[in-house]
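# Observations on chain architecture
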Amino acid sequence: MRDLGAGFGYLVKGQRWVAGNGRSFGFGLLPGLVTLILYAAALIGLAYGADDFVGWATPFADGWSSPWQALFRGFMTALVFAMGLFLAVVTFTAVTLLIGQPFYEKLSEDVDRAESGGDAPESGLPLWRELWISARDSLRILVRVAAYGVVLFGLGFLPVIGQTVIPAIGFCVSGFFLAEELTAVALQRRGVELRERLALLRGRRMLVLGFGVPLTLAFLVPFVAVFLMPGAVAGATLLVRDLTGEAADPADDAEPAPAGARQPQTL
């Protein structure tokens, strides 16, 4: 339980860190705003075109009598839009991190320097290589999330637990993989590959869930993800420092130092 509280603490500390570093917060908002505009445009286009797509995809219903044709195609149109909305929610963080790779790399480095007294790990890779690794790993994570989603969707039809336990498990799965996407920014700079990252996160599962699950719930509120993303990246960097043994005691409630400030190294 201590890890669960510490994970949530890193989420709060990350938001405090960017609040005290307005420049980092401002730059960190840009990728989220760009992604939000792109997704909003895509969803508006889907809303206008979903009925035409359903009509094209269900030619067998052309001869159905009223009202069955309208009811069936109306249901399918709503289902197509719901699936599009679900994919938008699931992929928003990964796409935002990909678009904002240079911004979030800089933000994560600033947090590391502030916490370590001026030092920050660097991958030494060119930007195009970092973008390729990030896109490749995000796709692998998306496949894993989709696999879990199919299983949980099927289990959702079970009586009682399908409406209680399964949704809770779903939020835990989403929170874990959301934390993985966010911690990847700092861990990739440390040269940690995807398989090692997942093993590292599983080793402190409650810490990761304490960070990821509340953030997942917050991201369900429209537009909130855009404003929380900078602090989420900062908090994920603090979380990584704990996972790798670089951080001070996570029970320490001291305020994080502003970027550039020197602090004694914790052994």
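Worth saying up front: this structure is predicted, and the values here are computed from it rather than measured.

## Here's the deal with the overall build of the protein
The secondary structure content of the protein amounts to nine helices and zero strands. In the protein, the order of α-helices and β-strands from amino to carboxyl end is α-α-α-α-α-α-α-α-α. Overall, the C-alpha framework of the protein stretches about 75 × 40 × 30 Å when taken along its three principal axes. In the protein, buried positions account for 40% of the 267 residues. When contacts within the protein are restricted to residue pairs at least 6 apart in sequence, those whose partners lie at least 24 apart make up 80%. When the accessible area of the protein is evaluated, it comes to approximately 14,100 Å², of which 71% is carbon and sulfur surface.

## A short note on the packing of helix α2 (residues 22-57) against helix α4 (residues 101-116)
With their axes 9 Å apart at the nearest point, α2 and α4 run at an angle of 150° to one another. Of the possible angle classes, the one that applies to α2 and α4 is roughly antiparallel. Handedness of the α2/α4 crossing: left-handed. Packed against α2, whose contacting residues are Ser24, Phe27, Gly28, Leu30, Pro31 and Gly32, the element α4 presents Phe103, Tyr104, Leu107 and Asp110 at the interface. Here the residues of the contact of α2 with α4 sort into six nonpolar, three polar and one charged.

## Quick notes on a nonpolar patch on the surface
A surface patch of nonpolar side chains, about 550 Å² in accessible area, is lined by Val151, Leu155, Leu158, Val160, Ile161, Val165 and Ile169. Relative to the elements of secondary structure, valine 151 occurs in helix α5 (residues 127-155).

## Observations concerning unusual backbone geometry
Its identity as a non-glycine residue notwithstanding, valine 160 has a phi of 65°, on the positive side. With respect to the element layout, valine 160 can be found in the loop between α5 and α6 (165-189).

## Topic: the pattern of salt bridges
Taken as a whole and judged by the stated rule, the model has 15 salt bridges. Across the pair arginine 241 and glutamate 246 runs a salt bridge whose closest N-O atoms are separated by 3.5 Å. Take arginine 241: its relative accessible area is 4%, and that puts it in the buried class. Each member of the salt-bridge network shares a partner with another, and the members are Glu105, Asp112, Arg189, Arg190, Arg241 and Glu246.

## Here we look at α4
The terminal C-alpha atoms of α4, which comprises 16 residues, lie 22 Å apart, in line with the 22 Å expected from a rise of 1.5 Å per residue. Of all 16 residues making up α4, twelve are buried, and the element is well covered by its neighbours. Listed as buried for α4 are Gln101, Tyr104, Glu105, Leu107, Ser108, Glu109, Asp110, Val111, Asp112, Ala114, Glu115 and Ser116. Tucked into the core, α4 has its buried residues touching α1 (2-19), α2, α3 (68-99), α5, α6 and α9 (224-243). Of the residues flanking the end of α4, it is glycine 117, one or two places downstream, whose phi is positive at about 90°.

## Topic: helix α7 (residues 194-203)
Given 3.6 residues per helical turn, the α-helix brings residues three or four places apart onto the same face. For α7, every residue scored as buried is listed here: Leu194, Arg197, Leu198 and Leu201. Seen from one end, α7 has its buried residues packed into an arc of 95°, which puts them on one side. Exposed residues pointing more than 90 degrees away from the buried face of α7 are listed as Arg195 and Gly203. Looking at the packing, one finds that the buried side of α7 touches α5, α6, α8 (205-219) and α9.

Conventions adopted
Residues numbered from 1 in each chain as written. Predicted model: local features only at pLDDT ≥ 70, side-chain atom pairs only at ≥ 80, totals over all residues. Heavy atoms only, no water. Helix = DSSP H or I, 4+ residues; strand = E, 2+ residues; numbered from the N terminus. Buried < 20%, exposed > 50% of the residue type's maximum accessible area, 1.4 Å probe, protein only. Contact = heavy atoms within 4.5 Å. Areas by Shrake-Rupley, 256 points an atom, 1.4 Å probe, with all protein chains shown as cover. Axes fitted to C-alpha atoms, helices over the stretch in contact; angles between N-to-C directions. Parallel < 35°, antiparallel > 145°, perpendicular 65-115°, else oblique. Left-handed = near helix turned anticlockwise from the far one by under 90°. Nonpolar A, V, L, I, M, F, W, Y, C, P; charged D, E, K, R; others polar. Patch = residues over 30% accessible without salt bridge, like charges linked within 9 Å, V, L, I, M, F, W, Y side chains within 5 Å. Salt bridge = Lys/Arg side-chain N within 4 Å of Asp/Glu carboxyl O. Expected span 1.5 Å × (residues − 1). Arc of directions from axis to C-beta.

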